[in-house]
Amino acid sequence: MTVIRHPRPASARHRQWPLCRRCSGLALDLGSARTRAWIAGRGMVLDVPTVTFPGTGAVHPVQRGTIVDTAGTARMLDRLLGHRLPRFGRPLVVVTAPVLGGLPFRTAARTAVGILRPRAVLTVPGARAVALAAGADHVRPLLVVDIGAHLTEVVLLADGAVTDARRTALGTDDLTDGTAPGEITEAVVDMVTAMLRQDRTALTRVALRRGVLLAGGGALRPDITRDLPGGLGCPVQPVPSPHTAAVRGAAGLLAAAHHHPSLTGTV
């Protein structure tokens, strides 16, 4: 599947950051396997399984990059974060989103986060957040590969915007169910190859010459990182602390907003 982001009216594409330098902020990464949260001024406060307990056992409200239980996700966030946020404040919340999650994911995420009484909820593509955390040059084309627990995304960024993206419902947790590491490597190579074949510009080739930025838990697996450079024919650079890169990138957007309140965010 290919996603090309076309320009939309500014009113639909942007929402002003709150004009408040002292308002609280929360960066949130709602992963299928783990939920990570960063609170402004406190740093990382959560890195826990994405699970809720409605009374009939553990339920996973986010599956393969899709929020399948919005109410359950809201209950989970209230249980994990409700007591950690200022009682009389309304936080600015930045949520990372799978690039191909589209409007359904963003809508469900905003609805779930509403339980925290946010001042505003902004979403940022996970790949863009990873690039921000890595301090990557956003002007030149960049290829980001994010290998999560249940989902792998390959995303092409140009000038910081998504120009192409692919995904497969395969991740590191599948390695315990008989999936070989080589299958994930092969899936990544196939997605990048498809990008090259369908790219009518030189962006993908330029990005490959630059090298691939690798994030997610898969970047911590030597059995994956060892074979990817040969399969892709280019350097592969894991970002520092790759499993938390997305939430750290979202936290960077929070810091930027508090220092430059006139900035706009991705919605």
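The preceding data block contains the structure.
Residues numbered from 1 in each chain as written. Predicted model: local features only at pLDDT ≥ 70, side-chain atom pairs only at ≥ 80, totals over all residues. Heavy atoms only, no water.

Student: Looking at this structure, I do not really get the overall build of the protein chain. What am I missing?
Tutor: Scanning the protein chain from N- to C-terminus turns up nine helices and 14 strands. Within the span of the protein chain, comprising 267 residues, buried residues form 51% of the whole. The contacts of the protein chain with a sequence gap of at least 6 include a subset with a gap of at least 24, amounting to 67%. With the model as given, the accessible surface of the protein chain reaches about 12,300 Å², and the carbon-plus-sulfur share is 54%. (Helix = DSSP H or I, 4+ residues; strand = E, 2+ residues; numbered from the N terminus. Buried < 20%, exposed > 50% of the residue type's maximum accessible area, 1.4 Å probe, protein only. Contact = heavy atoms within 4.5 Å. Areas by Shrake-Rupley, 256 points an atom, 1.4 Å probe, with all protein chains shown as cover.)

Student: Looking at this model, I keep getting lost on the pairing of strand β7 (residues 92-97). Mind explaining?
Tutor: Within a regular strand, the side chains alternate between the two sheet faces. With six of six residues buried, β7 is to be regarded as a mostly interior element. Alternating positions in β7 separate into two faces, Leu92, Val94 and Thr96 on one and Val93, Val95 and Ala97 on the other, with burial throughout. With five bridges connecting them, strand β2 (residues 25-30) and β7 associate as parallel partners. Looking at the pairing, Leu26 lines up with Val93 of β7. Bridge count between β7 and strand β8 (residues 120-125): six bridges; the pairing is parallel. (Pairing = 2+ DSSP bridges.)

Student: Can you walk me through unusual backbone geometry in this structure?
Tutor: Apart from glycine, the bulk of residues carry a negative phi angle, and the bulk of peptide bonds sit in the trans form. With phi around 55°, Arg117 is a residue other than glycine that occupies positive phi space. Among the structural elements, Arg117 can be located in the loop between α3 (102-113) and β8. Unusually for a residue other than glycine, Ser241 sits at a positive phi of about 45°. Looking at where Ser241 falls in the secondary structure, it is placed in the loop between β13 (236-238) and α9 (245-259).

Student: It is not clear to me how helix α4 (residues 126-134) should be interpreted in this structure. Could you clarify?
Tutor: Helical geometry: 3.6 residues make up each α-helical turn, so side chains three or four residues apart lie on a common side. Regarding α4, the residues found buried are Gly126, Ala127, Ala129, Val130 and Ala131. Just downstream of α4, Gly135 is the residue with a positive phi angle, here 65°.

Student: I tried to follow the packing of helix α2 (residues 70-81) against α3 on my own but got confused; where do I start?
Tutor: A pair of packed helices is captured by two measures, namely the crossing angle of their axes and the spacing between those axes. Running from amino to carboxyl end, α2 crosses α3 at an angle of 45°, the nearest separation of the two axes being 8 Å. Relative to α3, the element α2 lies oblique. Crossing hand, α2 versus α3: right-handed. For the pair α2 and α3, the contacting residues are Thr70, Thr73, Ala74 and Leu77 in the first and Ala108, Thr111, Ala112 and Val113 in the second. (Axes fitted to C-alpha atoms, helices over the stretch in contact; angles between N-to-C directions. Parallel < 35°, antiparallel > 145°, perpendicular 65-115°, else oblique. Left-handed = near helix turned anticlockwise from the far one by under 90°.)

Student: What am I meant to see in the sheet that holds strand β4 (residues 43-49) here?
Tutor: Adjacent strands of a sheet pair through backbone hydrogen bonds, lying either parallel or antiparallel. A sheet is described by the order of its strands in space; here five strands give the open sequence β4-β3-β2-β7-β8, paired in mixed fashion. The open sheet has two edge strands with one neighbour each: β4 and β8. Looking at each pair of strands side by side, their axes are set apart by 20° on average, direction ignored. Here strand β3 (residues 34-39) pairs with β4 via six bridges, running antiparallel. Looking at the pairing, Arg36 lines up with Asp47 of β4. Where α2 meets the sheet, it contacts β2, β3 and β4, and its direction lies at approximately 130° from that of β2. Set on the sheet, α3 makes contact with β2, β7 and β8; between it and β7 the angle comes to about 145°.

Student: Any chance you could explain the pattern of salt bridges here in plain terms?
Tutor: Two side chains carrying opposite charge are able to pair once their charged atoms lie near each other. Tallied over the entire structure, the rule returns seven salt bridges. For Arg64, the salt bridge identified is with Asp174, shortest N-O distance 2.9 Å. One end of the pair, Arg64, is in the loop between β5 (62-63) and β6 (66-67); the other, Asp174, is in the loop between β11 (161-168) and α5 (181-198), and 110 residues separate them in sequence. With a closest N to O distance of 3.2 Å, Asp137 and Arg140 form a salt bridge. Connected through shared salt-bridge partners, Arg34, Arg36 and Asp47 make up one network. (Salt bridge = Lys/Arg side-chain N within 4 Å of Asp/Glu carboxyl O.)

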